[in-house]
Amino acid sequence: MNERTMQAAHIDLLTAVVAALDVPLPSIADADERLYHRLLERRMSDVRVVLAAMVRHGGDPWENASEIRRRTAEVPVTYTPFEFTQDGADR
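Residues numbered from 1 in each chain as written. Predicted model: local features only at pLDDT ≥ 70, side-chain atom pairs only at ≥ 80, totals over all residues. Heavy atoms only, no water.

## Overview of the packing of aromatic side chains
Alright, step 1. Taken as a whole and judged by the stated rule, the model has two aromatic pairs.
Alright, step 2. Relative to Y79, the ring of Y36 has its centre 5.9 Å away and its plane inclined at 85°; by these criteria the two rings are edge-to-face. Residue Y36 is found in helix α2 (residues 30–57), and its partner Y79 is found in the segment after α3 (61–74); the two are separated by 43 residues along the sequence.
Alright, step 3. Residue class for Y79 comes out buried when judged on its relative accessible area of 5%.
Alright, step 4. On the basis of an interplanar angle of 70° and a centroid distance of 4.6 Å, the ring pair of F82 and F84 is categorised as edge-to-face.
Alright, step 5. A relative accessible area of 18% places F82 in the buried class. (Phe/Tyr/Trp six-rings, centres within 6.5 Å; stacked < 30°, edge-to-face > 60°. Helix = DSSP H or I, 4+ residues; strand = E, 2+ residues; numbered from the N terminus. Buried < 20%, exposed > 50% of the residue type's maximum accessible area, 1.4 Å probe, protein only.)

Structure (structure tokens):
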């Protein structure tokens, strides 16, 4: 890979990491908060596993980004996200 391609591959990898960890805040319901924390913990674990394997064994950043996206799709948001109202109150 040339330098520009390598830079693009690493940007794609970082973009996949950000997308995996960028989850909406949960509603104030206890069940939603628990689901939020479980989801975030699972996604952080998945990202950590993929990146640790990449560091240890090398690998193509494009493939690792794809693996992070695949794992992220397996654990979608299933809780009710927090909603802000126009007057600043929460729901």
